[in-house]
Amino acid sequence: MIPKPDLLTVEEAKKLNAAETVELFCEYMNPGQLHFLKLLGFHKVIIESAEGMFYVDKSGRKILDFFGGFGSVGFGHNHPRILEVRKKFQDEKRHEIALAFLSQYAVALCKNLATIAPGDLKIGFLCCSGSEAVEAALKIAEKAQGAERAKIVYAENSFHGKTRGALSVTDSTFYQSTFQLLDKRVRVPFGDAAALENAFKQDPSIGVVILETIQGGAGIIVPPQGYLREVRRLCDQYNVLWIADEVQCGIGRTGKFFAFEYEEVIPDLVTIAKSLGGGKVAIGAVIARKPIYLKAYGTTKTALIHGPATFGAMGEACCTAIESLNVIYDEGLIDNAAQQGAYLLKKFEELKIKYPQIIKDVRGKGLMIGIEFGDFSQTLPPGLREIVSTLDDKLKGSLCGFVGRLLLKDFNILVAFTEYNRNVIRLEPPLITRQEHCDAVVAAFDTLLARGVVGIVAEYAQAFVKND
Ligand SMILES: Cc1ncc(COP(=O)(O)O)c(C=O)c1O
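Here the structure is a predicted model, which means the values were calculated and not measured. (Residues numbered from 1 in each chain as written. Predicted model: local features only at pLDDT ≥ 70, side-chain atom pairs only at ≥ 80, totals over all residues. Heavy atoms only, no water.)

Q: Outline the overall build of the protein chain, listing residues and values.
A: Per the secondary structure count, the protein chain includes 19 helices and 15 strands. Its C-alpha atoms give the protein chain a radius of gyration of 23 Å, within 12% of the compact-globule value 23 Å for 468 residues. Out of the 468 residues in the protein chain, the part that is buried amounts to 55%. A sequence separation of at least 24 residues applies to 73% of the contacts in the protein chain between residues at least 6 apart. Counting only carbon and sulfur atoms, one obtains 56% of the accessible surface of the protein chain, whose full area is about 21,200 Å². Taken together, the 54 basic and 55 acidic charged side chains of the protein chain have centroids lying 1 Å from each other. (Helix = DSSP H or I, 4+ residues; strand = E, 2+ residues; numbered from the N terminus. Rg over C-alpha atoms; globule rule 2.2 N^0.38 Å. Buried < 20%, exposed > 50% of the residue type's maximum accessible area, 1.4 Å probe, protein only. Contact = heavy atoms within 4.5 Å. Areas by Shrake-Rupley, 256 points an atom, 1.4 Å probe, with all protein chains shown as cover. Lys, Arg positive; Asp, Glu negative; His and termini not counted. Charge placed at Lys NZ, Arg CZ, Asp CG, Glu CD.)

Structure representation (structure tokens):
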């Protein structure tokens, strides 16, 4: 018998403390990332469990989750109904791999998605992530349009994922780096219908446009009212297929199941992921207008050209997603997202009036909210300016990193900032958020901002130096 190598068990892994975890992370995962974890104070926190709105660390400290895994924990952590469905699935030894046989769970999930989605968005394609959904949507659109009309329009400051096709329409020189990308693509400003029409007019080879309905990574950018209606009108006029990327803003987050519903329009293809998995499984989906899907892959010759990865539509993942969709309606979570989101926005508007020198803008829809700080890099006294200048470029003019770290350290609240705009704090808490949670977050911001920019930066610098 081959001798067993020195493998860690799950129980041994569970017992690893922060220092041991950091050591293994640097040795076996991504040593360069430690620097950023330290800037935010994450290197000292090891989470033991999570329930509802809270993480609980090894010391028993409860951390209020207003980050929500970039919007992927819509139902809170370990929602009891979602756990129950998964337990039942396991207890009954139900089948997992759907590739050989038809899966009753996969078809039920796609039927549910079709029932929720408006118009003829009736065909579902299941996969394992948002990026994979974006790849699949781009391919469906390309196939349906034909090779001559395969050029893709995407938006400035877009984020659609990091796999190669998705990366090609993700507007970040940082993420795109020196990778080889799709070449048939055109970038337009987000929210600018005239620019979109101009692009369509100038280049008849454009057949696809992909847009986040609300841009997340860009800093929670809600397009002007009427923009999506214009997108629909222009796509119809120029025979272009519109992919609405709702990976972050979908599944009820904005107070509608899909954010595009605010303008009563129907895209040609919709991508979703994140919260679809109930915070427990990796699952994504494309929902396509039936005629478009059938045009791409509707015959026996084309049906198998594209398919999910091996683990797409796994039984337990589908059951988790089915239960998540049921929970969202049974518990009124979409309405709650609208209500709590409106309350949070109002409260942060008040803070903006109270701290006009610090808060530049407050924006968002439902529980997808951005708090933008002003750039303070030029207003710090010389001593502090020097300390800050030793930090990472991304944090120099950004109060978010400092506020984020102090919220975690002093108030046990977790928030995130946005990929491209480091001056924007992103609040994407679970949709089960109650007013008391919102009040706790607003009160923490109020207390922190009352210290002023200099106070916050000085305190951050102190905590950083003391490794506190
Ligand atoms: C709008 C949007 N599209 C696509 C993706 C990629 O999703 P995933 O990380 O699941 O691949 C993300 C991830 O943050 C996203 O926000």
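Q: Tell me about the nonpolar core, and please be specific about residues and values.
A: Judged by nonpolar contacts, the single largest core of 103 residues is most densely connected at Phe200, Phe348, Phe373 and Leu399. If sequence neighbours within four positions are ignored, Leu399 has contacts with Ile358, Phe373, Phe376, Asn423, Val453, Ile456 and Val457. (Core = buried A, V, L, I, M, F, W, Y, C linked by side-chain atoms within 4.5 Å.)

Q: Summarise the site of the ligand; cite the residues concerned and give the values.
A: Near the ligand the following residues occur: Ser129, Gly130, Ser131, Phe159, His160, Gly161, Glu212, Asp245, Val247, Gln248 and Lys274. Within the side chain of Ser131, an N or O atom sits 2.5 Å from an oxygen atom of the ligand. Gln248 is positioned with one of its side-chain polar atoms (N or O) 2.8 Å from an oxygen atom of the ligand. Coverage of the ligand by the protein chains reaches 82% of its 390 Å² of free accessible surface. Grouping the constituent residues of the shell around the ligand by class yields 2 nonpolar, 6 polar and 3 charged. (Near = heavy atom within 4 Å. Polar contact = N/O pair within 3.5 Å; in protein donor to acceptor, adjacent residues only side chain to side chain. Nonpolar A, V, L, I, M, F, W, Y, C, P; charged D, E, K, R; others polar.)

Q: Outline the packing of aromatic side chains, listing residues and values.
A: Per the counting criterion, the structure on display carries 13 aromatic pairs. With 4.4 Å between their ring centres and 65° between their planes, Phe402 and Tyr460 make a pair best called edge-to-face. In this pair, Phe402 is assigned in helix H17 (residues 399-411) and Tyr460 in helix H19 (residues 452-465), connecting sequence segments 58 residues apart. Taken together, Phe257, Phe258, Phe260 and Tyr329 form an aromatic cluster joined through their ring pairs. Across the ring face of Phe54, the terminal group of Lys62 is positioned such that the distance to the ring centre comes to 4.3 Å. (Phe/Tyr/Trp six-rings, centres within 6.5 Å; stacked < 30°, edge-to-face > 60°. Lys NZ or Arg CZ within 6 Å of the ring centre and 35° of its normal.)

Q: Please provide a residue-by-residue account of the packing of helix H15 (residues 382-389) against H19, values included.
A: To describe two helices that pack against each other, one gives the angle between their axes and the distance between the axes. In the contact formed by H15 and H19, the axes pass within 10 Å of each other and the chain directions differ by 50°. Taken together, the axes of H15 and H19 lie oblique to each other. As H15 runs across H19, the sense of the crossing is left-handed. Residues Leu384, Ile387 and Val388 of H15 form the contact with H19, whose participating residues are Val454, Val457, Ala458 and Ala461. Looking at the contact of H15 with H19 residue by residue, the classes come out as 7 nonpolar, no polar and no charged. (Axes fitted to C-alpha atoms, helices over the stretch in contact; angles between N-to-C directions. Parallel < 35°, antiparallel > 145°, perpendicular 65-115°, else oblique. Left-handed = near helix turned anticlockwise from the far one by under 90°.)

Q: Run through H17, naming residues and quoting values.
A: For H17, spanning 13 residues, the distance from its first C-alpha to its last is 17 Å, which sits close to the expected 18 Å at 1.5 Å a residue. Counted residue by residue, H17 has 10 buried out of 13 residues, so it is predominantly covered. For H17, the set of buried residues is Leu399, Cys400, Gly401, Phe402, Val403, Gly404, Arg405, Leu406, Leu407 and Leu408. Once H17 finishes, Asn412 follows within two positions and takes phi at roughly 55°, a positive value. (Expected span 1.5 Å × (residues − 1).)

Q: Residues and numbers for the sheet that holds strand E11 (residues 359-365), please.
A: With antiparallel pairing, the 4 strands of this open sheet are ordered in space as E11-E12-E15-E14. This sheet does not close on itself; its edge strands, each paired only once, are E11 and strand E14 (416-417). Pairing between E14 and strand E15 (residues 424-427): 2 bridges, direction antiparallel. Looking across to E15, one finds that Ala416 is bridged to Arg426. On the sheet, helix H14 (residues 333-354) packs against E11, strand E12 (368-373) and E15 and is oriented at approximately 170° with respect to E11. (Pairing = 2+ DSSP bridges.)

Q: For the side chain of Arg86, give the residues involved together with the corresponding values.
A: Counting through the fold element by element, Arg86 comes out in helix H5 (residues 80-91). By relative accessible area, which is 16% here, Arg86 ends up buried.

Q: Explain the pattern of salt bridges to me, and be specific about the residues and the numbers.
A: If you walk through the whole model with that rule in mind, you get 27 salt bridges. Of the charged contacts, one joins Asp57 and Arg61 as a salt bridge, the two residues approaching to 3.4 Å between their closest N and O atoms. Via salt bridges that share partners, Asp120, Arg232, Asp236, Asp268 and Arg289 belong to a single interconnected network. (Salt bridge = Lys/Arg side-chain N within 4 Å of Asp/Glu carboxyl O.)

Q: Describe the sheet that holds strand E13 (residues 413-414), listing the residues and the values that go with them.
A: Strand order across the open sheet formed by 4 strands is E1-E2-E3-E13, with mixed pairing between neighbours. At either end of the open sheet lies a strand with only one pairing partner, and these are strand E1 (47-51) and E13. Where strand E3 (residues 62-65) and E13 come together, 2 bridges link them in parallel fashion. Within the sheet, the bridge partner assigned to Asp65 lies in E13 and is Leu414.

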